Structures are given as structure tokens and as C-alpha cells.
Amino acid sequence: MEMIILPLSEVILEWDLSQVSQDARLLACSVDRGVPEQARINVITFLQSWNYLGARQEFPDLVQAFTQLCTDTKGVIFFSGVGKRGFVAQKCAQTLVSTSALAVFLSPTNALHGDIGLVGPNDVLVLFSKSGATEELNILIPCAIARSAYFVDISLLKHSNFRKMCDMHVYLPLERELCPFYLAPVTSTAIQMLFCDTVSIALMKTKNLAREQYAWLYETVSQ
């Protein structure tokens, strides 16, 4: 099946923010004029905190590989994460569902209390983390491997702790967090959200999802 990937590097490079994820645009736009100049967030600051120049070459390939995996999967795509990345995982699962993909958010806590039984050998488990050091996920991984699920790690460190255990490692390079203390998960979560949004659009194009099919998913809401 022919893959159609968004030319993301060209989109950002030309500053055409209308085509970029809403999450990235919120970070990229300057804040209220009443805020001092040094506190304003702009496109360049966001791209620098992302290490965009280091990511732009590999990003389309990562999107293509992950999109192909989602297309070929015969089972369910489970997304999981803890804390802020748990919200990223939920959003990613819900967005993929709107493209007619079979995707579900799996709570790490509930998974360790029986819900891991939902995962089978035809399924994919996608874990969102920053470094792969999250305790709950480290406990969950052996359980998923025992269920013969395909394991994907989407992290911000090249040498994530999950890298040796996963079947696919999606590395999204992070220069630093946009937070003045470099601690709050701002840039890191936006990068992962942007990756998922791009995959969602790539999936729609790969499946040749018609406008009528997409509208049908929301038919009950419009009535």
C-alpha cells in the first residue's frame, strides 16, 4: 500500500502554522501583548527547545514506519502512559479512532490489576515516556511481552530504558523543555502530540478515507 506522508519539515520551515498540530500552534504563537517581551513564546523558541534541526530528517521516516504498523495491525492498538503522557496517550487513541482505527487507551494502573488481559498477540502496545524510567511502565512491559504483543516505545531520549525491550523505538529528540526550569513537560508532550496528529492524518490518506466516511463517524452528533 502506498504511503502518503505530510511534508512536515517543509510545513514548519515555511512557517505555515495553519497545517501544524493545534498543540504546536498554541506553543508557537506569541502570548498576550501585555506580557513582557522576554516572556513571549514564539515559533523559533519552540523549534529550538524541540531540537527541530536534529529531528527534521528522521521525523517523516518515523511517521511512515509507525503509520505502516498501524495499517498492518490486525488487532487493537493500545496506547498507555503515566501522568501528562497518559493524557497524550488518551488523545492519540481517540484521534486514531476518529480515523476508523481500532485504538484504545490502556491505563497502566488498571493494566497491572487485570486489564492486561485485554492485550493479545495480534495487538500493539504503544508506551509514551520521556526517558523510559517510569516505574509503572517498567512493571507493565514484561506483562505485555508475556502476552506476545508488539511493543512500541515513543520517548524523548535516544537511549531510552525501554529501547532494548521494544520492537520499535520512536525517538523524538528533545533539546530542552520550554519551561524556565527545564522541568515541566511542555515541549516534550507537544512533540509527542504532534507526532500522533501527523500519524493520524497519514493514516487517513493511506486508507483513502473519504469525506463521507469521516462524516459518518460524527453523524449522530450532527443530528
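Now for a description of the structure that goes with this document. (Residues numbered from 1 in each chain as written. Predicted model: local features only at pLDDT ≥ 70, side-chain atom pairs only at ≥ 80, totals over all residues. Heavy atoms only, no water.)

All right, on to the packing of aromatic side chains then. Within a pair of aromatic rings, the relevant descriptors are the distance that separates the centres and the angle that separates the planes. Summed over all chains, the structure comprises three aromatic pairs. Ring centres of Phe66 and Phe195 lie 5.7 Å apart, and the angle between their planes is 55 degrees; on these two criteria the pair is classed as tilted. Residue Phe66 is located in helix α5 (residues 59-72), and its partner Phe195 is located in helix α9 (residues 187-206); the two are separated by 129 residues in the primary sequence. Phe66 gets classed as buried once you look at its relative accessible area, which sits at 1%. Using a relative accessible area of 0% as the deciding quantity, one classes Phe195 as buried. (Phe/Tyr/Trp six-rings, centres within 6.5 Å; stacked < 30°, edge-to-face > 60°. Helix = DSSP H or I, 4+ residues; strand = E, 2+ residues; numbered from the N terminus. Buried < 20%, exposed > 50% of the residue type's maximum accessible area, 1.4 Å probe, protein only.)

Taken in spatial order, the five strands of this open sheet run β2-β1-β3-β4-β5, and their pairing is parallel. Single-partner strands in this sheet number two, and they are β2 (103-105) and β5 (168-171). Within the sheet, the average angular offset between the axes of one strand and its neighbour, ignoring direction, is 20 degrees. Relative to β5, strand β4 (residues 150-155) runs parallel, the two sharing four bridges. Opposite Ser155, over in β5, you have Tyr171 as the bridge partner. Across the face of the sheet, α5 comes into contact with β1 (77-81), β3 (124-128), β4 and β5 while running at roughly 140 degrees to β5. Strands β3, β4 and β5 of the sheet are contacted by α9, whose axis makes an angle of about 130 degrees with β4. (Pairing = 2+ DSSP bridges. Axes fitted to C-alpha atoms, helices over the stretch in contact; angles between N-to-C directions. Contact = heavy atoms within 4.5 Å.)

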